[in-house]
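Now for the letters of each chain:
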Amino acid sequence: MKKLKAEMWDKVQYIFRNYYDGMIHCAIVYRGKVDEALLRRAIKLVVDKVDVLHSSFVAHPIDPYWRVNDDYTEEEMLDVVYGDVSHEKIEELLVRHVDYRGKLQFKATLVKESGDKSVLCFVINHICCDGRDFIRLMGEICAAYRSLALYGAYKSDIASGSRGAEQIYRDLPEHVRKKARRLYKNISGTDIKTKFPFEQETEADKPHIARAKLSADVMSALKVRGKAEGYTVNDIYLAAYFRAVKAFCSLSEDCPAEITSMLDMRRYLKDGKTEGLTNLTSYMQCKLLSGIGRDMTDTLTRVAEALEPQKSDPTLGMAGLPLMALGLKFPFFIGSALVKLGYSNPLFTMSNMGVLNADDLALAEAKAEDAFFTGTVKYKPYIQIACTTMNGEATFTVCEKCSDRDKRAIRAFLDRFTGELERYAKGSR
């Protein structure tokens, strides 16, 4: 039996399953013919190269590992259904759960309408990889499809090397590497306890995905104004997020607030790519200790001031990672308890997964018209806004296990968030 080592973030994602469902999701909308048999071949060709995608996670109390499976078929790579490609249908397929003990760590479904429109819905276990490598995986599958369609063959070169978190230190200057390896301080704790006003959790709660969009024109105007004023797109997203939190949590202007951004640690790799499909993420906290302020301009100033020391830190995102790695060197049942004891899950998070290339996601004759990737389905009281951009248009999602009334509140929350962005793009304060 072939085994894979369970890496640090594999273990952490397993431990954190009480905070969220542990799945990440994507939907790609196609216009044109999609050959499901060819798509199955393409998926299997890539999955064959990435052992973790056809492995079962064994949560051994001493030393967890992956058991690699070989008893899977091409037919299991993709389900095909026919009918409406509505948001409700896409949501139904994306909120499914993949058992970490199963032989495959993903579920893929192609929804085909009677015309030439179809949607590929893909759910993958977060234990395997983060959002950036998920995007990379989908690009590789689509490249395999195009090559099979044109040439009848494809040689996948998707990375199958180390999945370890240690690779973030590989390309650092020696003095920075030494400093980073000594950053044992736990930075996850906070005295700011503001929560989204969810209803009390009940057994009737179910997973939902709320979505909102900003047009390419609005995004273009937002970037132009942000550049002129010295702000990044993420600065602007955070400020709008804070404004929405202020409104929905009924905070005064001077009430402290905090939002944590997910950091892609590939920033420290010279080629920007992991050696193998994996998780390589960390956190950047934005604390507005003196409050959110009176308007968007005020909030943006405060966000920029709060983030400036972190952005100039050559070890941004590395604090606490050595401590987590140390705790997980103990037998797993002890390490799990230590991580749970020392870690505070952030109440509000933001994950910008970046820009999607429509050409990379095309399937030969089928053009990728739209796509979005989301984070995990959070459990109350935790909430996350995830974002991707394609063809200049931004999509924002909140995935939450909640009531129908909560979902309506989340929808209104997203509308408030995007409304702040639109007003900023148009030149309002």
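Conventions and cut-offs
- Residues numbered from 1 in each chain as written.
- Predicted model: local features only at pLDDT ≥ 70, side-chain atom pairs only at ≥ 80, totals over all residues.
- Heavy atoms only, no water.
- Helix = DSSP H or I, 4+ residues; strand = E, 2+ residues; numbered from the N terminus.
- Contact = heavy atoms within 4.5 Å.
- Areas by Shrake-Rupley, 256 points an atom, 1.4 Å probe, with all protein chains shown as cover.
- Buried < 20%, exposed > 50% of the residue type's maximum accessible area, 1.4 Å probe, protein only.
- Polar contact = N/O pair within 3.5 Å; in protein donor to acceptor, adjacent residues only side chain to side chain.
- Phe/Tyr/Trp six-rings, centres within 6.5 Å; stacked < 30°, edge-to-face > 60°.
- Lys NZ or Arg CZ within 6 Å of the ring centre and 35° of its normal.
- Core = buried A, V, L, I, M, F, W, Y, C linked by side-chain atoms within 4.5 Å.
- Pairing = 2+ DSSP bridges.
- Lys, Arg positive; Asp, Glu negative; His and termini not counted.
- Salt bridge = Lys/Arg side-chain N within 4 Å of Asp/Glu carboxyl O.

Draft legend 1. Expanded view of the overall build of the protein. When you go through the protein residue by residue, the secondary structure sums to 11 helices and 15 strands. Dimensions along the principal axes, computed over C-alpha positions, put the protein at roughly 60 × 55 × 45 Å. Summarising the internal contacts of the protein: among those between residues at least 6 apart in sequence, 78% fall at separations of at least 24. Accessible surface, the protein as shown: approximately 18,500 Å² in total, 50% of it carbon and sulfur.

Draft legend 2. Just the environment of Asn-352, in detail. Within the secondary structure layout, Asn-352 lies in strand β11 (residues 348–356). For Asn-352, a relative accessible area of 29% corresponds to the partly exposed category. Sequence separation between Asn-352 and Thr-389 is 37 residues, and the spatial gap between their C-alpha atoms is 9.0 Å. Among the polar contacts made by the side chain of Asn-352, one reaches the side chain of Asn-234 at a distance of 2.8 Å. One polar contact links the side chain of Asn-352 to the main-chain amide nitrogen of Gly-354, over a distance of 3.0 Å.

Draft legend 3. Fine view of the packing of aromatic side chains. A complete count under the given rule lists 23 aromatic pairs for this structure. Taking the centre distance of 5.5 Å and the plane angle of 55 degrees together, the rings of Phe-16 and Tyr-19 count as tilted. You can call Phe-16 buried: its relative accessible area is 2%. Residue class for Tyr-19 comes out buried when judged on its relative accessible area of 16%. Residues Tyr-241 and Phe-417 carry aromatic rings whose centres are separated by 6.3 Å and whose planes lie at 75 degrees to one another, so their mutual orientation is edge-to-face. Within this pair, whereas Tyr-241 is found in helix α7 (residues 233–248), its partner Phe-417 is found in helix α11 (residues 404–425), the two being separated by 176 residues in sequence. Overall, Tyr-241 belongs to the buried group, its relative accessible area being 0%. Members of the aromatic cluster, joined through ring pairs, are Phe-196, Phe-198, Tyr-237, Tyr-241, Phe-248, Phe-348, Phe-396, Phe-413 and Phe-417. Across the ring face of Tyr-100, the terminal group of Arg-101 is positioned such that the distance to the ring centre comes to 5.2 Å.

Draft legend 4. Region of interest: the side chain of Thr-388. Residue position: Thr-388 is located in strand β14 (residues 383–390). For Thr-388, the contacting residues outside a window of four places in its chain are Met-353, Gly-354, Leu-356, Ala-371, Phe-372, Phe-373, Glu-393, Ala-394 and Thr-395.

Draft legend 5. Molecular detail of the nonpolar core. Leu-39, Ile-43, Phe-134, Met-138, Tyr-241, Phe-396 and Phe-417 are the most contacted members of the largest nonpolar core, which has 133 residues in total. Other than its neighbours up to four places away in sequence, Phe-134 contacts Ile-24, His-25, Cys-26, Phe-122, Ile-124, Cys-129 and Phe-373. One finds Val-29, Leu-94, Val-111 and Phe-372 within the second-largest nonpolar core, a separate group that totals 17 residues.

Draft legend 6. Spatial organisation of the pairing of strand β3 (residues 55–58). In β3, alternate side chains face the same way, and those of Ser-55 and Phe-57 on one face and Ser-56 and Val-58 on the other are all buried. With 4 bridges joining them, β3 and strand β4 (residues 65–68) adopt antiparallel strand pairing. Counted as the bridge partner of Ser-55 is Val-68 from β4. Between β3 and β4, which follow one another and run antiparallel, lie 6 residues.

Draft legend 7. Highlighting the side chain of Arg-211. For Arg-211, the position within the fold is in strand β8 (residues 206–214). Buried charged residue Arg-211 carries no salt bridge. Nearest counter-charge: Asp-370, at 5.0 Å. Of note is the side chain of Arg-211, whose polar atom sits 2.8 Å from the side chain of His-87. Excluding residues within four positions of it along the chain, Arg-211 makes contact with His-87, Ile-90, Phe-372, Thr-395, Phe-396, Thr-397, Arg-411 and Leu-414.

Draft legend 8. Local environment of unusual backbone geometry. The residue after Lys-380, namely Pro-381, is reached through a cis peptide bond having omega 5 degrees. As for its position among the elements, Pro-381 is in the loop between β13 (378–379) and β14. The phi angle at Ser-250 is positive, at roughly 55 degrees, despite the residue not being glycine. Mapped onto the elements of the fold, Ser-250 is located in the loop between α7 and β9 (257–264). On the accessibility criterion, Ser-250 (65% relative accessible area) is exposed. Phi at Ala-364 takes a positive value of approximately 55 degrees, unusual for a residue other than glycine. Structurally, the position occupied by Ala-364 is in the loop between β11 and β12 (367–374). Given a relative accessible area of 41%, Ala-364 falls into the partly exposed group.

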